[in-house]
Amino acid sequence: MKALRRYLDKIKPNFEKGGKLYKFKSVFEGFETFLFVPNKTTFTGSHVRDAIDMKRTMIIVVMALMPAMLFGMWNVGYQHYTALGLEETLPLTFWYGFLKVLPLILVSYIVGLGIEFAFAQIRGHEINEGFLVSGMLIPLIVPVTIPLWMVAVATAFAVIIGKEVFGGTGMNIVNPALTARAFLFFAYPKQMSGEIWVSGLEGEKLVDGYSGATAMAQATTTIDMNKSLEVAKQVGDSDLVSSLQSQIGATIDGLPSAYDAFMGWIPGSIGETSTLAILLGAIVLIFTGIGSLRIMLSVFAGGFLMGLLLNAVAVNPYMEIDAYYHLLIGGFAFGAVFMATDPVTASQTARGKIIYGFLIGVIAVIIRVLNPAYPEGMMLAILLMNVFAPLIDHYVVQGNIKRRLKRAKA
Amino acid sequence: MSLFSSKNMKLLRDPLGDSNPITVQVLGICSALAVTAKLEPAVVMAISVMAVMAFSNVLISMLRNTVPNRIRIIVQLVIIAALVILVDQVLKAFVYDVSKQLSVFVGLIITNCIIMGRLEAFALGNKPWPSFLDGIGNAAGYGIILIIVAFFRELLGSGTVWGMEVFGHKSADVAESTGLYSVGYVDNGLMILPPMALITVGIIIWVQRSRSKNLIESN
């Protein structure tokens, strides 16, 4: 470490004002503060000092993502070997997934950080660490089968349009990682449909009856089937009715069990399958005070209550799925823990957080169950509520002011 | 005053740059989003708007001293509507396919705020020839943005420019595709959707504002 420090001190003058590499000052500072605790002290006024700064915050979130990422890597390998009907040892399974996931992570970081560095240079800002988390989130919320160039394009779009145009880290309206996913979802719907999300299956002989579809994609097909069923019932085609009914029943029965969905050995986007691994991350976030417990709980509550409400109405088989099951499949838990709690785009007030989280849960389940075009509602629900978060805060603050004024008058 | 004095030329030039109706005044956005998925309808739309705008400006300018102030809006609307119907008929007669693609948006030229805006702001107070130039200039400013947006949307969204395949031929089977499509390139479906037109216009505004010193606001 000492040698590194000496080296940095040696090359530092080049980046000072007047040095020949002055224009790369922000890059140098970015790396220096990345490696060492900054030794800058302020000269005027008093400042509250805290051990936590943005870099630490970001690193903790990345650490909280580790269980989901490591599990995701293993699961990529597991899904691959299962589809081929093979059983492999744990290290080999993990290694397969590691090789598949690592390029996605690298592409996301290189493209994202490259753009961040470029913008910091152009604007003369210091480089900040805002992308450390987004760069980790993006590979975890895409299917492993996604081509790398699509990840690169989506990351560039998310960083430029989702973040930099608003002024960079901390100024964005919507979550950059979800912006990247939404971009992929609308731009390349075929790759994001959830039909086959298991890597390395081309030209291989698969196990009989293997589908590879995600739970969300399977469940969504029942919405359309149910529509055909209604039509068939009206026409009175009894053969078609019975065949459709058995198809819907088979699809619903074919969904992974709640235990499998909780543990996460099911097909899906890389980081979102295992609710258990996500909850481990959630504990880290809550314990360090970085993620808001209030938001997480209210998202789960919102989804669960909406599930119960749909159970009560239950006009199609998808609605009859147990309410808690919605919390386990798809990106619900991942979104609730890592996306909805993004401190920049979430509501800031205590009561606002509850309203914000609750509505995310409610809308996510509504989109899932009622709209066959969008299998996964979590992404759209969070993006929508991101936009509404300032409005919620505004009314919470105004309500508070009114209440206090009233008390002062009385 | 000569026909092409520098003052008159400024009327033509300004709307292309620092007072562009779309990127600076942010008018006429709706049609810019609706007709720019492909280059051909965008060009036809730009020409249609130019015809309507130039002639309505001339007509209103000629009537400007006789139209009572209180009913001027309705007179403007009648003139624009008549011209739009003419344009619509011409399009149906000569480029029927494009006219079908443009559907209601030709009719909606009547409500294009740029046209009304120029009539109110310019034609009512100026002579016919400058009004004509102002109409042409603003329509060109509108048209050029439409064409830029449509170019990128068609190129990235459908892989074509004016219907010609630029990135190679795509077919459902990868083996039969040529060019970029054979190595796994896929068209960007988002470019076809209207939100991307808005984002493209936004990017053009961004580029223009960071290049043009007059447009940088102090704060």
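Residues numbered from 1 in each chain as written. Chains lettered and ligands numbered in written order. Predicted model: local features only at pLDDT ≥ 70, side-chain atom pairs only at ≥ 80, totals over all residues. Heavy atoms only, no water.

Peer 1: Could you clarify how one ought to interpret the domain arrangement of chain A in this entry?
Peer 2: Size of an interface: often given as the accessible area lost when the parts come together. Residues and elements named next belong to chain A. The assigned domain composition of chain A is domain 1 (54-192) and domain 2 (215-266 + 292-392). Taken together, the contact pairs 25 residues of domain 1 with 19 residues of domain 2. Between domain 1 and domain 2 lies a buried interface of about 1800 Å² when both sides are counted; carbon and sulfur atoms form 77% of it. For the interface between domain 1 and domain 2, the tally reads 0 salt bridges. (Domains from an automatic or database assignment. Contact = heavy atoms within 4.5 Å. Buried area = accessible area lost by both parts, 1.4 Å probe. Salt bridge = Lys/Arg side-chain N within 4 Å of Asp/Glu carboxyl O.)

Peer 1: Looking at this model, I keep getting lost on a nonpolar patch on the surface. Mind explaining?
Peer 2: Residues Val165, Phe166, Met171, Ile173, Leu384, Val387, Phe388, Leu391 and Tyr395 of chain A together with Ile203, Trp206 and Val207 of chain B make up a contiguous nonpolar surface patch of roughly 1000 Å² in combined accessible area. Those elements giving two or more residues to the nonpolar patch turn out to be helix H16 (377-409) of chain A together with helix H10 (194-211) of chain B. Considering each element in turn, the nonpolar patch owes the most residues, 5 residues, to H16 of chain A. Looking at the secondary structure, you find Tyr395 of chain A in helix H16. (Patch = residues over 30% accessible without salt bridge, like charges linked within 9 Å, V, L, I, M, F, W, Y side chains within 5 Å. Areas by Shrake-Rupley, 256 points an atom, 1.4 Å probe, with all protein chains shown as cover. Helix = DSSP H or I, 4+ residues; strand = E, 2+ residues; numbered from the N terminus.)

Peer 1: Would you mind going over the interface of chain B and chain A with me for this structure?
Peer 2: With 12 residues of chain B in contact, the opposing surface of chain A contributes 12 residues. Note on chain B versus chain A: buried area summed over both sides is about 910 Å², and carbon and sulfur give 77% of it. Of all residues in chain B, Val186, Leu190 and Trp206 of chain B bury the most surface against chain A, accounting for 49% of the area lost on that side. At the junction of chain B with chain A, the criterion picks out 0 salt bridges. Counting across the chain B and chain A interface gives 2 residue pairs in polar contact (both at pLDDT 80 or more). When residues of the side of chain B that touches chain A are traced back to their parent elements, those giving at least two are helix H9 (189-192) and H10 of chain B. For the side of chain B that touches chain A, the element with the most residues is H10 of chain B, which contributes 4 residues. Here the residues of the side of chain B that touches chain A sort into 8 nonpolar, 3 polar and 1 charged. (Polar contact = N/O pair within 3.5 Å; in protein donor to acceptor, adjacent residues only side chain to side chain. Nonpolar A, V, L, I, M, F, W, Y, C, P; charged D, E, K, R; others polar.)

Peer 1: I keep staring at the confidence of the model for chain B and nothing clicks. Help me out?
Peer 2: If pLDDT is low for a region, its predicted coordinates should not be looked at in detail. In the predicted model, chain B carries a mean pLDDT of 87, and 98% of its residues have values of at least 70. This prediction of the complex comes with two scores: 0.86 for pTM and 0.86 for ipTM. (pLDDT = per-residue confidence, 0-100.)

Peer 1: I'm lost on a positive patch on the surface in this one. Help?
Peer 2: All names here are of chain A. On the surface, Arg351, Arg403, Arg404 and Arg407 cluster together into a patch of positive charge. Looking at the positive patch element by element, the count peaks at 3 residues for H16. With respect to the helices and strands, Arg403 occurs in helix H16. On the accessibility criterion, Arg403 (41% relative accessible area) is partly exposed. (Lys, Arg positive; Asp, Glu negative; His and termini not counted. Charge placed at Lys NZ, Arg CZ, Asp CG, Glu CD. Buried < 20%, exposed > 50% of the residue type's maximum accessible area, 1.4 Å probe, protein only.)

Peer 1: Would you take a moment to explain the side chain of Ser158 of chain B for this structure?
Peer 2: Residues and elements named next belong to chain B. On the secondary structure map, Ser158 appears in helix H8 (residues 128-158). The buried category is assigned to Ser158, whose relative accessible area is 12%. Look past the residues within four positions of Ser158 in its chain and what remains in contact with it is Lys38, Arg153, Lys170, Tyr181, Asp187 and Ile192.

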